[in-house]
Amino acid sequence: MAKPKVATTSLAGCFGCHMSLLDIDDRILKLVELVDFDKSPIDDIKEFTGQCAIGLVEGGCANEENVRVLQDFRKHCDILISVGDCATMGGLPALRNTITLEECLNEAYLDGPTVYNPDGVIPNDKEIPLCLDRVYPCNEVVKIDYNLPGCPPSADTLWEALVALLTDKPVSLPYELIKYD
Amino acid sequence: MSDKITFTIDGVEVKAAKGQTILQAADEAGIYIPRLCNMSGLIPYGSCRVCTVIVNGRPQSACTQPAAEGMIVENETEELLTHRKNIVDMLFVEGNHYCMSCEKSGNCELQALAYRFGIAAPKYPYMFPNRSVDATHPDIFIDRNRCILCARCVRASRDLDGKGVFEFVGRGPNKSIAVNANARLKDTNLDITDKAVDVCPVGAIIKKRVGFAVPIGQRKYDTKPIGSEIEAQNK
Ligand code: SF4
Ligand code: SF4
Ligand code: FES
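Here the structure is a predicted model, which is why all the values come from computation and not from measurement.

Here is what the cut-offs are and how they apply
Residues numbered from 1 in each chain as written. Chains lettered and ligands numbered in written order. Predicted model: local features only at pLDDT ≥ 70, side-chain atom pairs only at ≥ 80, totals over all residues. Heavy atoms only, no water. Helix = DSSP H or I, 4+ residues; strand = E, 2+ residues; numbered from the N terminus. Buried < 20%, exposed > 50% of the residue type's maximum accessible area, 1.4 Å probe, protein only. Areas by Shrake-Rupley, 256 points an atom, 1.4 Å probe, with all protein chains shown as cover. Axes fitted to C-alpha atoms, helices over the stretch in contact; angles between N-to-C directions. Parallel < 35°, antiparallel > 145°, perpendicular 65-115°, else oblique. Left-handed = near helix turned anticlockwise from the far one by under 90°. Contact = heavy atoms within 4.5 Å. Nonpolar A, V, L, I, M, F, W, Y, C, P; charged D, E, K, R; others polar. Phe/Tyr/Trp six-rings, centres within 6.5 Å; stacked < 30°, edge-to-face > 60°. Lys NZ or Arg CZ within 6 Å of the ring centre and 35° of its normal. Pairing = 2+ DSSP bridges. Expected span 1.5 Å × (residues − 1). Near = heavy atom within 4 Å. Buried area = accessible area lost by both parts, 1.4 Å probe. Salt bridge = Lys/Arg side-chain N within 4 Å of Asp/Glu carboxyl O. Domains from an automatic or database assignment. Polar contact = N/O pair within 3.5 Å; in protein donor to acceptor, adjacent residues only side chain to side chain.

A. Up close: the overall build of chain A. A count of helices and strands for chain A gives six helices and seven strands. Along the chain direction, N to C, the helices and strands of chain A fall in the order β-α-α-β-β-β-α-β-α-α-β-β-α. C-alpha atoms of chain A, sized along the principal axes, occupy 60 × 35 × 30 Å. In chain A, buried positions account for 46% of the 181 residues. Accessible surface, chain A as shown: approximately 9500 Å² in total, 55% of it carbon and sulfur.

Below you can see the structure in the form of structure tokens.
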């Protein structure tokens, strides 16, 4: 029987949640026995090769590309999981949510104390994904099946949740494994 | 005649002294009723409704309702858990709670309630309100992003410190914690040794230069749920 497939991505995140996944240490050997990785920075597969059992999404949506990738994940993953505080509540990128986008760009490219930008240009190439008006938690963009909060969620949290889902058990994590920091 | 009152919480017989609230009697009996605005030593305020119990079929706040003979109190029901979760969810989304960078994390009562209730993420959309920080005082700052309007600081400053440094201004979604009619914190007579500085259940009133003094894993609620210290008396 073919192994179930898992896909992962980092949207507006810092890759810390992916690092935490690698923190499962030697259990990663068990994980590759249980699953194949599809689209993921872990194996550098860029596009989905088929339907996946589980999608792990790190980061919220800060730009249009994040939204497209997230919608693609929803389409290709039976179970979609928000991994980490950025995916579940926006996280540190959402600190900009009380400031207008224009003010953010001005601060980053024109007014900030360390800015060197003699031409006063705010990058606007069509290759660069457009920023959204604010940062959106994943569940405000697509339906999310499970949330694993934490900054990052601990390796044990990710491991326990994955193993439960892959062995058809309910995801009921012990007290120590649901944390917001 | 005994001056003790007898009533039940979830079918368990509990004794209370005259004048005790349901919550005080429950605490002494080792039964935890979740609470947020209530704190022993402060006059009950009854604002957060996390402590809601069903008394003889009707919802009441356990922190303000005096115990009475023969009362039938329900506490740990599915319905009340849902109600309490909803309140905690709303408190999270109507403020800005970045626990990952909050000095109170691990010792925060709001966060601890969410952990105890097993909340992985609030069910409501985040509001991302625009709130201010007052860091003018040399030893203390207020971060209104995290304030849950529990009035503990208001009560402690007024009733324990005899100062009245804190008060609320505004109404509804615009209600916020203020100091002496919108002055800055440094213009008040708030002192680092005031009781009001220690009572905030969340990270809205913070002492400067403490930071993240206690490592993760050793903080108050890292391994033991809030309320377990009350329940331990029962074991
Ligand atoms: S006050 Fe509590 S809930 Fe709010 S950010 Fe700080 S730790 Fe989290
Ligand atoms: S500052 Fe703290 S103690 Fe005061 S009302 Fe806000 S949450 Fe309560
Ligand atoms: S603890 Fe009773 S209403 Fe807040």
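There's more to say after this.
B. Summary view of the packing of helix α2 (residues 78–93) of chain B against helix α3 (residues 109–116) of chain B. All names here are of chain B. Axis separation between α2 and α3 bottoms out at 10 Å; the angle between their running directions is 135°. Put simply, α2 runs oblique to α3. When the axes of α2 and α3 are compared, the crossing they make is left-handed. Seen from α2, the contacting residues are Val88, Leu91 and Phe92; seen from α3, they are Leu110, Gln111, Leu113 and Ala114. By residue class, the composition of the contact of α2 with α3 is six nonpolar, one polar and no charged.

C. Local environment of the packing of aromatic side chains. Taken as a whole, this structure holds five aromatic pairs over all chains when the rule is applied. For the ring pair Tyr180 of chain A and Phe92 of chain B, a centre distance of 5.6 Å and an interplane angle of 90° mean the geometry is edge-to-face. Here Phe92 of chain B lies in helix α2 and Tyr180 of chain A lies in the segment after α6 (155–166), a pairing that spans two chains. This pair shows no difference in class: Tyr180 of chain A is buried, exactly as Phe92 of chain B is. Linked through ring pairs, Tyr175 and Tyr180 of chain A together with Phe92 and Tyr115 of chain B together constitute an aromatic cluster. Looking at Arg134 of chain A, its charged tip hangs above the ring of Tyr136 of chain A, at a distance of 4.1 Å from the centre. For Lys175 of chain B, the ring lying beneath its charged end belongs to Phe168 of chain B, and the centroid distance is 4.5 Å.

D. A look at the pairing of strand β3 (residues 52–58) of chain A. All names here are of chain A. Within β3, six of the seven residues are buried, which leaves the element mostly enclosed by the surrounding structure. Of the pairings in the sheet, the one linking strand β1 (residues 5–10) to β3 comprises five bridges and is parallel in character. Looking across to β3, one finds that Ala7 is bridged to Gly55. In terms of strand pairing, β3 meets strand β5 (residues 77–83) through six bridges, oriented parallel. Across the sheet, the residue bridging to Leu56 is Ile81, located in β5.

E. Structural context of α6 of chain A. All names here are of chain A. Between its first and last C-alpha, α6 extends 16 Å over 12 residues, near the 16 Å set by a 1.5 Å rise per residue. Of all 12 residues making up α6, nine are buried, and the element is well covered by its neighbours. Residues of α6 that are buried: Ala155, Thr157, Leu158, Trp159, Ala161, Leu162, Ala164, Leu165 and Leu166. For α6, the elements touching its buried residues are α1 (16–22), α2 (27–34), β3, β5 and β7 (146–148). Looking one or two residues past α6, Asp168 carries a phi angle of roughly 60°, positive in sign.

F. Local environment of the side chain of Thr21 of chain B. Residue and element names in this part refer to chain B. Here Thr21 is to be found in the loop between β2 (12–17) and α1 (22–28). Take Thr21: its relative accessible area is 9%, and that puts it in the buried class. If we skip the residues at most four places from it in the chain, Thr21 touches Ala62, Cys63, Thr64, Gln65, Pro66 and Ala67.

G. Quick peek at the site of ligand 2. Lining the immediate surroundings of ligand 2 are 13 residues, of which Cys147, Cys150, Ala151, Cys153 and Cys200 of chain B lie closest. The residue makeup of the shell around ligand 2, split by class, is 12 nonpolar, no polar and one charged.

H. Layout of the sheet that holds β5 of chain A. Residue and element names in this part refer to chain A. Strands sit in the order β2-β1-β3-β5-β7 across an open sheet of five strands; the sheet is parallel. The open sheet terminates on both sides in strands that have one partner only, identified here as β2 (36–37) and β7. Strand direction decides the pairing type here: β5 and β7, joined by three bridges, are parallel. Residue pairing across strands places Ile81 opposite Tyr146, the latter belonging to β7. Here helix α3 (residues 64–76) sits on the sheet and contacts β1, β3 and β5; the angle it forms with β5, its principal contact strand, is near 135°.

I. Here's a closer look at the interface of chain B and chain A. On the side of chain A, 22 residues touch chain B, which itself brings 28 residues to the contact. Interface area, chain B with chain A, both sides summed: about 2100 Å², of which 64% is carbon and sulfur. Its largest share of buried area at the contact with chain A, chain B owes to Met100, Tyr115 and Phe128 of chain B, together 34% of the area lost on that side. The shortest N-O distance in the salt bridge between Arg219 of chain B and Asp181 of chain A comes to 2.8 Å.

J. Main features of the domain arrangement of chain B. All names here are of chain B. Splitting chain B by domain gives domain 1 (4–76) and domain 2 (85–211). Computed from C-alpha atoms alone, the centre-to-centre distance between domain 1 and domain 2 is 25 Å. Listed per partner, the contact involves 17 residues of domain 1 and 20 residues of domain 2. Across the domain 1/domain 2 interface, buried area totals approximately 1400 Å², and carbon plus sulfur atoms make up 67% of it. When the buried area of domain 1 at its contact with domain 2 is split by residue, Leu36, Leu42 and Tyr45 rank highest and sum to 43% of it. Applying the counting rule to domain 1 against domain 2 returns zero salt bridges. At the boundary of domain 1 with domain 2, the tally comes to four residue pairs in polar contact (both at pLDDT 80 or more).

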